[in-house]
Amino acid sequence: MIKLYFWISLLFLFAGILEPGFLAEGYVRADDTIWFAEKGEINSNKEEKIVFGSIRSSSPDEVFLVGKDQKSLLIPTVFITAIQYDSEPTELTTARLLIQTSLYREALEKLTELDADTLAKSSANIQQEAVYLRLLAKGNSLLINSTLSDRKSESLKTGREIAAFLDSAPRNVHCYELADLGGRIFLLAESPEEARLSFDRMIKAGAPEVRFAGLLQIGEILLRAGEIENAQRCFNEVLCWDKTSSEQVEEQKLFAKIGNAEALALKKSEKDSIDLFHDLIRTTNSSNVELWARMYNGLGTALLHQQRNREALLAFLHVDLLYSQAKGEHVRALRSLYHLWNRQKRTDRANEVLKTLEQKYEISIAQ
């Protein structure tokens, strides 16, 4: 997934005459990068800025801004956290703020207040922004609050709405963010082929963080489909990156190592897989809950292949007790714990797991 940072810590005024339909202000995260353009440059210090100016051109990879003094700035979209247009309806501004605070349902309600005639008279940028915000709110609401009844039908519908928008607006600045969201929604809808098509859009990105996020997702899909060699090609492409790396890329390399360790277990090299997982657990220094959940689930699965049930049980319990915030990985661990407790004739513990799956996630063990 692409990381977005919404809160502003430093104001930077890039003065300009604001033209109707062009950028009024963009929230930009700096990340040890120098942004170059035809004139001028800004040396960043990992601080966020508000940049004012007029958009001259944009693509999924970058936005080109010009200010009143004709200084120009080429900003990679991976650093842009939000765009607000000077003449946009107030409903869009409010909905964007609600999304930034994870109030997705409230954002959807606010967007229904948009006047259709007013929006129709707005620029193409603003019209696309309205669609983007609606899809962003709807998609994230499903990922967080989806119930068993809408997990497949509504998710599939929303995923296809995102795909249709990306087909109609392939140069939209939010292309990669929506492609990532669409892929995860298709996975929720249990449509891995459509998910892969969505993640495929990301591997065209110029920013390695975006490209690798897509490759890792595709690798996972291939791994679950039994296409182990193809999955490893995806993981190894991430691991082979030897240019300047951000913290996010270094973390993505850890996920790629996890993917390769899981692949080893599927290739009947369980000992090598277990050794790699133990090494990762011993040496990893990260606060990423998803990363730790993946490591312990992978270790537990490899141990199961060697019939080391007690050790596998402990690995899955790590996820249940320490990393349950990682929703998908928690479900994966609970499924394994249910079967392991039953094998040990601990039907009381198995029933507790079953109750959590049904009440917290609305998932039956047969699913």
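Residues numbered from 1 in each chain as written. Predicted model: local features only at pLDDT ≥ 70, side-chain atom pairs only at ≥ 80, totals over all residues. Heavy atoms only, no water.

Moving on to the packing of aromatic side chains. Scanning the entire structure with this criterion turns up four aromatic pairs. Look at tryptophan 292 and tyrosine 296: their rings are 6.4 Å apart centre to centre, the planes differ by 25°, and that puts the pair in the stacked class. Pair noted here: tryptophan 292 and tyrosine 296 are both in helix α12 (residues 289–305), with a separation of four residues, about one helical turn. Judged on exposure class, the residue tryptophan 292 and its partner tyrosine 296 are both buried. Ring geometry for tyrosine 296 versus tyrosine 323: centroids 6.2 Å apart, planes at 20°, classification stacked. Remark: tyrosine 323 occurs in the loop between α13 (309–322) and α14 (327–343) and tyrosine 296 occurs in helix α12; sequence separation between them is 27 residues. Comparing tyrosine 296 with tyrosine 323 shows no difference in burial state: the two are buried. Here the aromatic residues Trp292, Tyr296 and Tyr323 are joined through ring pairs into a cluster of three or more. (Phe/Tyr/Trp six-rings, centres within 6.5 Å; stacked < 30°, edge-to-face > 60°. Helix = DSSP H or I, 4+ residues; strand = E, 2+ residues; numbered from the N terminus. Buried < 20%, exposed > 50% of the residue type's maximum accessible area, 1.4 Å probe, protein only.)

Here the focus is the packing of helix α2 (residues 104–111) against helix α4 (residues 124–145). In contact at an axis separation of 8 Å, α2 and α4 are set at 150° when each is read in the N-to-C sense. What the angle tells us is that α2 and α4 run roughly antiparallel. Taken as a pair, α2 and α4 cross one another with a handedness that is left-handed. Along its contact with α2, which presents Tyr104, Arg105, Ala107, Leu108 and Leu111, the element α4 presents Leu133, Arg134, Ala137, Lys138, Asn140, Ser141, Ile144 and Asn145. In the contact of α2 with α4, the residues fall into seven nonpolar, three polar and three charged. (Axes fitted to C-alpha atoms, helices over the stretch in contact; angles between N-to-C directions. Parallel < 35°, antiparallel > 145°, perpendicular 65-115°, else oblique. Left-handed = near helix turned anticlockwise from the far one by under 90°. Contact = heavy atoms within 4.5 Å. Nonpolar A, V, L, I, M, F, W, Y, C, P; charged D, E, K, R; others polar.)

Next up on the list: the pattern of salt bridges. This structure, assessed with the given rule, holds 23 salt bridges. Ionic pairing is found between aspartate 348 and arginine 346, a salt bridge with its closest N-O pair at 3.2 Å. Residue class for aspartate 348 comes out partly exposed when judged on its relative accessible area of 40%. Relative accessible area serves as the criterion here: at 34%, arginine 346 is assigned to the partly exposed category. Salt bridges here are not isolated pairs; linked through shared partners, they connect Glu220, Arg224, Glu262, Arg294, Glu329 and Arg332. (Salt bridge = Lys/Arg side-chain N within 4 Å of Asp/Glu carboxyl O.)

Time to look at the environment of alanine 293. In this structure, alanine 293 sits in helix α12. Placed 22 residues apart in sequence, alanine 293 and alanine 315 show a C-alpha to C-alpha distance of 9.4 Å. Ignoring anything within four residues of it in the chain, the contact list for alanine 293 reads Val319, Tyr323, Ala326 and Glu329.

Such coordinate-based values are descriptive only and should not be taken to indicate function.
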